[in-house]
Amino acid sequence: MTTETRSTCPYCGVGCGVVIEAQAGQITGVRGDPDHPANFGRLCTKGSTLHLTAAPEVTRQTRLLQPMQRAARGTALQPLDWDAALDSAAERFARVIAAHGPDAVGFYLSGQLLTEDYYVFNKLAKGLIGTNNLDTNSRLCMSSAVAGYKQTLGADAPPACYDDLKHAGCLFIVGSNTAWAHPILFRRIEDAKRANPALQIVVVDPRRTDTCEIADLHVALQPGTDVMLFHGMLHLMLREGWTQPGYIAAHTSGFDELAALVRDCTPEAVAQICGITQDALAQATRLFATSPATLSLYCMGMNQSSSGTAKNAALINLHLATAQIGRPGAGPFSLTGQPNAMGGREVGGLSNLLPAHRDMANAAHRAEVAAFWGVDSIPALPGKSAIEMFQAAADGEIRALWIACTNPAQSMPDQAMVRRALERTEFVVVQEAFAGTATCAFADLLLPATTWGEKEGTVTNSERRISRVRAAVPPSGAARHDWHIAADFARRLAGRLGRGAALFPYQTPESVWNEHRETTRGRDLDITGMDYAMLEAAPQQWPLPAGATQGRPRLYEDGRFATADGRARFAATPYRPVAEPRDGRFPFSLNTGRLRDQWHGMSRTGTLGRLFGHVPEPVVQMHAQDMVRHQLADGDLVYVTSRRGSIVLPVAASADLGATQAFIAMHWGPEYLGGRSSTGTALAGVNALTTPQHCPISKQPELKHTPVKILKAELPWSLLAMAWLPDGEALRVRTQLRTLVEALPFVSCVPFGAAGTGTGRTGVLLRAAAHEAPDGSLLAQIEQLLGLSGLDTLRYTDPRRGQRRAVRLQRDGAAAHVVGVLLAGDTRAEAWIRALLQDQLPAQDFGRQLLSFQAKAPAGVQSRGKVVCSCFGVSESAIRDKLAQCSGSGEQRLAALQGALQCGTNCGSCVPELKRMVRATEVAA
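None of the values given here were measured: they were computed from a predicted structure.

Draft legend 1. Structural view of the overall build of the protein. Helix and strand content of the protein: 29 helices and 37 strands. Taken over the C-alpha trace, the protein has a radius of gyration of 27 Å; the compact-globule value for 925 residues is 29 Å, and the two agree within 12%. C-alpha atoms of the protein, sized along the principal axes, occupy 80 × 70 × 60 Å. Scored against the burial criterion, the 925 residues of the protein give a buried share of 64%. Within the protein, contacts between residues at least 6 apart in sequence are counted, and of these 71% link residues at least 24 apart. Carbon together with sulfur atoms contributes 50% to the accessible area of the protein, which is approximately 31700 Å² in total.

So, in structure tokens, the structure goes:
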């Protein structure tokens, strides 16, 4: 019998509702919940494939299913039971605390934990142990937004809601590729534009992303210059009389100081520093200030900066100066990056916070929490933020680390420092659902946690809406809920510390949530009027205090803010350039960001080959003129080097970037991209390059700008190997291949698949390069793993020249298809042989050509190109072919395209790209 369970998507902060279908204890399907107010039934490419990531064959290959420990560093993991695992952890932590004090331990958590998980960990660290060394990967994501809201409005509370999109006259999107990072919210932006063609949309971003496809104005400013832009806009608003002096006088403070600061931010100065035209500045300012309602949407481009707090505050200044806040369609709306970064902030899940938006630095707040928890005190010493915590571990100050539901060996900047920290820390616990993350390799103790489809609790999305997360199936293997692991460990540790035995009485997630709820009484996020029963009926927005029947969709409608005097505060912070500017040695600005179909370190999305169709392999993108200047062609391998490290990967020209800019997707960590330098140092993915320089207030690192140099890599020997594999083996084989070739200078190993065809087939693609051909035994091992060692494989070998070919065909009636291939040495035939394999084209007529060096494809062999529509597997070439047959206006051509191929008619994530292709075809015609 099939059961259906309503829950919430575990990806971005939009907080989409899902309906999970399950049968016999296995998740079999997922669809959008039509009654959930975040998405009304829509799901993006990632959300709509969630059930495939929970398939039994994926679980068997990727999940951590029982506690595991290492007797010593570098040794193999061995299984043990839960009692032994938690007793061991409690004993080791107690020993460190006794010898070195409570601040010798640290906890690093995740915005993907549930609110209940967060709450227990926060109480464990700050209440039981007595250390504020608890931080989360939200520090890399949302801490600048938190600091900006608090500095200006008095509380970490986004004042707007999704419904405001319908009421806005101007959308001001800054540092957010909403189309890819928050796809379902972007669908609502598209709806708003259709319903109100007069809606003006401004996108401020150094890159021309898919979000720009809907923009009336794209302001392509230089990286890191947002504060100067906003100050320049205020300068113009004052000059043109577009501010609202009455509102400023009645509801704010500090405006005179800010007005004096922006006096020198003239259009000429702004244009020069930001790299934009004065006309673009004037147009953006007019649209923002004169619109009947302006809603700003912003994300990582604002937050991940050494001026992150200043950027957030400077934008909020514009809303306050023009009274664009506290009414429908108006306000500064920070888009949350992770599914529950907001919930983590609510319970105090950062090293400078306490439950219910209390501040660690406030003695009264510390006393309130201590009294509520029933402990003597909360330590006054500020805890270490994420970067500070790992630096302290690298320095030997922190001796035990507990890492839950996050992957710092992939996601943290300055990976050389992070790896020193993990190697030097005496005891590392990793609490994780997936066994293959890079951080797991450093763990002394691995604890299996439940994940989506198995968890119970709550999350809060970007618009302050709390949703239930519900279990559709039992936990996999011996996995336990994160809050339960933390509480069980805490009770065992309390016994060894001789205090706090009664602090963790929880038996259900609801009991944890009820305690959290009580901490909010009288606070700005008061949820004492909510309970699980209310959330079972429908998601709810905070605040919702006792006696209220529904939450408040908008804040500050009465003009009173969450400050001591009720007035919002203007922040007069001068513009400062990026922490590490470009120079002659490092002439390129490296930006990082999301891909459309991937999520974070890809521990979940990376299990599905079909989600690699749109961007199949790691690349660094550059402006075409920069490539010509450096004598680079698409596909050439390059060294990308910063002051902290170097990686090797292919280069590709991109029209989305300005000159001297480069882009690498944030997802490409050591699980997929690597190799070893000439000194033997392991290359650790994109964050081997990024800087730990951070905002002094929010402590958020500048992941959006790192100066790098890009030079051609002279690695003459190359390898391409790929094969279709059984679903139950592909992910395991990929991991084995990645480990097997890690000593080569360049390695990229990714899954691939067939999009839009149910579960599809799964394959593995390995690409490598070296100064000279490796030993033939290595290639033989690769062939064996890819099923290329049997008698049904055609082969050619020339060891003297480092050349090797292996092609396996599989008969299907009269036809034969390539199912596996290895090209070593000369890989010029890659393009057409790869097309034969991946697109399953007939290959029976090519005979010895399959073992040849020819670069030109035989007649009849044409690659489908990348997959544009992941839902239906529609390729770039199919779209171009169809568009060549379409006529009429752009809208008519798009409609004809969708009618014929269905692309863009399911989740809609590919619609911006389809529109761009339609427009390009019109221009060509």
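Draft legend 2. Highlighting helix α24 (residues 730-740). All buried positions along α24 are accounted for by A730, L731, V733, R734, L737 and R738. Within α24, the buried residues cover an arc of 160° as seen down the axis, which keeps them to one side. Those residues of α24 that are buried are in contact with α2 (56-62), β28 (673-674), β30 (717-725), β31 (746-753), β32 (762-770) and α25 (776-785).

Draft legend 3. Main features of the pattern of salt bridges. Inspection of the entire model under this criterion finds 58 salt bridges. Between R6 and D33 there is a salt bridge; the shortest N-O distance is 3.0 Å. Here R6 is found in strand β1 (residues 2-8), whereas its partner D33 is found in the loop between β3 (26-32) and α1 (50-53), with 27 residues between them in sequence. Residue R6 is classed as partly exposed on the basis of its relative accessible area, which comes to 38%. Taking relative accessible area as the criterion, D33 reaches 5% and is therefore assigned buried. Note that R187 and E190 form a salt bridge whose closest N and O atoms lie 2.8 Å from each other.

Draft legend 4. Just the sheet that holds strand β19 (residues 457-460), in detail. Read across the open sheet, the three strands follow the order β19-β20-β21; overall the sheet is antiparallel. With partners counted over all chains shown, the strands left at the sheet margins are β19 and β21 (540-541), one partner each.

Draft legend 5. Structural detail: empty space enclosed by the protein. Taken as a whole and judged by the stated rule, the model has two cavities of 30 Å³ or more. In this structure, the second largest cavity occupies an estimated 110 Å³ of space. Grouping the amino acids of the lining of the second largest cavity by side-chain chemistry returns nine nonpolar, two polar and one charged.

Draft legend 6. The environment of P553, seen in detail. Considering the arrangement of structural elements, one finds P553 in the loop between β21 and β22 (568-569). Distance from P553 to W542, taken between C-alpha atoms, is 8.0 Å for residues 11 residues apart in sequence. The contact partners of P553, leaving out residues within four places of it in the chain, are P159, A160, C161, R464 and Q541.

Draft legend 7. Just the pairing of strand β18 (residues 445-448), in detail. Side-chain alternation along β18 places L445 and L447 on one buried face and L446 and P448 on a second face that is also buried. Relative to β18, strand β4 (residues 68-69) runs antiparallel, the two being bridged by two bridges. Residue pairing across strands places M68 opposite L446, the latter belonging to β18. Taken together, the four bridges between strand β17 (residues 427-432) and β18 define a ladder with parallel strand orientation. When the sheet's bridge partners are listed, V429 is paired in β18 with L445.

Draft legend 8. Region of the structure containing the state of the cysteines. Evaluated as defined, the whole model comprises zero disulfides. C9 takes part in no disulfide bond, and the closest cysteine sulfur to it belongs to C16, at a distance of 6.0 Å. Note on C9: relative accessible area 10%, which makes it buried.

Draft legend 9. Spotlight on the sheet that holds β3. The sheet built from three strands is open, its strands ordered β1-β2-β3 with antiparallel pairing. Each edge of the open sheet is held by one strand with a lone partner, namely β1 and β3. The sheet shows a mean angle of 30° between the axes of neighbouring strands, taken without regard to direction. Of the strand pairs in this sheet, strand β2 (residues 17-23) and β3 are connected by six bridges, and their pairing is antiparallel.

Draft legend 10. Main features of the packing of aromatic side chains. Here the structure, examined in full by the defined rule, presents 24 aromatic pairs. A ring pair is formed by W724 and F752, whose centres lie 4.7 Å apart and whose planes are at 65°; its orientation type is edge-to-face. Placement of W724 in strand β30 and of F752 in strand β31 is noted, with a sequence separation of 28 residues between them. Under the relative-accessibility criterion, F752 is labelled buried at 4%. Relative to F846, the ring of W832 lies with its centre 6.2 Å away and its plane at 65°, an arrangement referred to as edge-to-face. Here W832 is found in helix α26 (residues 830-838), whereas its partner F846 is found in the loop between α26 and β36 (867-869), with 14 residues between them in sequence.

Draft legend 11. Expanded view of the side chain of R366. Structurally, the position occupied by R366 is in helix α16 (residues 363-373). Comment: no salt bridge for buried R366; closest opposite-charge side chain is D359, at 9.9 Å.

Draft legend 12. Highlighting the packing of helix α8 (residues 226-240) against helix α12 (residues 278-290). The N-to-C vectors of α8 and α12 enclose an angle of 70°; their axes lie 9 Å apart at closest approach. The angle between α8 and α12 places the two elements in the roughly perpendicular class. As α8 runs across α12, the sense of the crossing is right-handed. Taken together, the residues of α12 that come into contact with α8 (itself represented by L229, G232, M233, L236 and M237) are L281, A282, A284, T285, F288 and A289. Across the contact of α8 with α12, the residue classes break down as nine nonpolar, two polar and no charged.

Draft legend 13. Highlighting helix α14 (residues 308-321). Along its 14 residues, α14 runs 20 Å from first to last C-alpha, staying within 8% of the 20 Å computed at 1.5 Å per residue. Within α14, 14 of the 14 residues are buried, which leaves the element mostly enclosed by the surrounding structure. In the segment just after α14, A323 is the residue with positive phi, at about 60°.

Draft legend 14. Structural context of unusual backbone geometry. For the bond running from W542 to P543, omega is 0°, close enough to zero to count as cis. Within the secondary structure, P543 sits in the loop between β21 and β22. The phi torsion at C405 lies on the positive side, around 60°, for a residue other than glycine. Structurally, the position occupied by C405 is in the loop between β16 (400-404) and α18 (408-411). Backbone geometry at T660 places phi at a positive 65°, although glycine is not the residue there. Here T660 lies in the loop between β26 (646-653) and β27 (661-665).

What counts and what doesn't
Residues numbered from 1 in each chain as written. Predicted model: local features only at pLDDT ≥ 70, side-chain atom pairs only at ≥ 80, totals over all residues. Heavy atoms only, no water. Helix = DSSP H or I, 4+ residues; strand = E, 2+ residues; numbered from the N terminus. Rg over C-alpha atoms; globule rule 2.2 N^0.38 Å. Buried < 20%, exposed > 50% of the residue type's maximum accessible area, 1.4 Å probe, protein only. Contact = heavy atoms within 4.5 Å. Areas by Shrake-Rupley, 256 points an atom, 1.4 Å probe, with all protein chains shown as cover. Arc of directions from axis to C-beta. Salt bridge = Lys/Arg side-chain N within 4 Å of Asp/Glu carboxyl O. Pairing = 2+ DSSP bridges. 1 Å grid on protein atoms, 1.4 Å probe; cavity = no way out; pocket = protein on both sides within 12 Å on 5 of 7 lines; lining within 4 Å. Points joined across faces, edges and corners; volume = space filled by probe spheres on them. Nonpolar A, V, L, I, M, F, W, Y, C, P; charged D, E, K, R; others polar. Disulfide = S-S within 2.5 Å. Axes fitted to C-alpha atoms, helices over the stretch in contact; angles between N-to-C directions. Phe/Tyr/Trp six-rings, centres within 6.5 Å; stacked < 30°, edge-to-face > 60°. Lys, Arg positive; Asp, Glu negative; His and termini not counted. Parallel < 35°, antiparallel > 145°, perpendicular 65-115°, else oblique. Left-handed = near helix turned anticlockwise from the far one by under 90°. Expected span 1.5 Å × (residues − 1).

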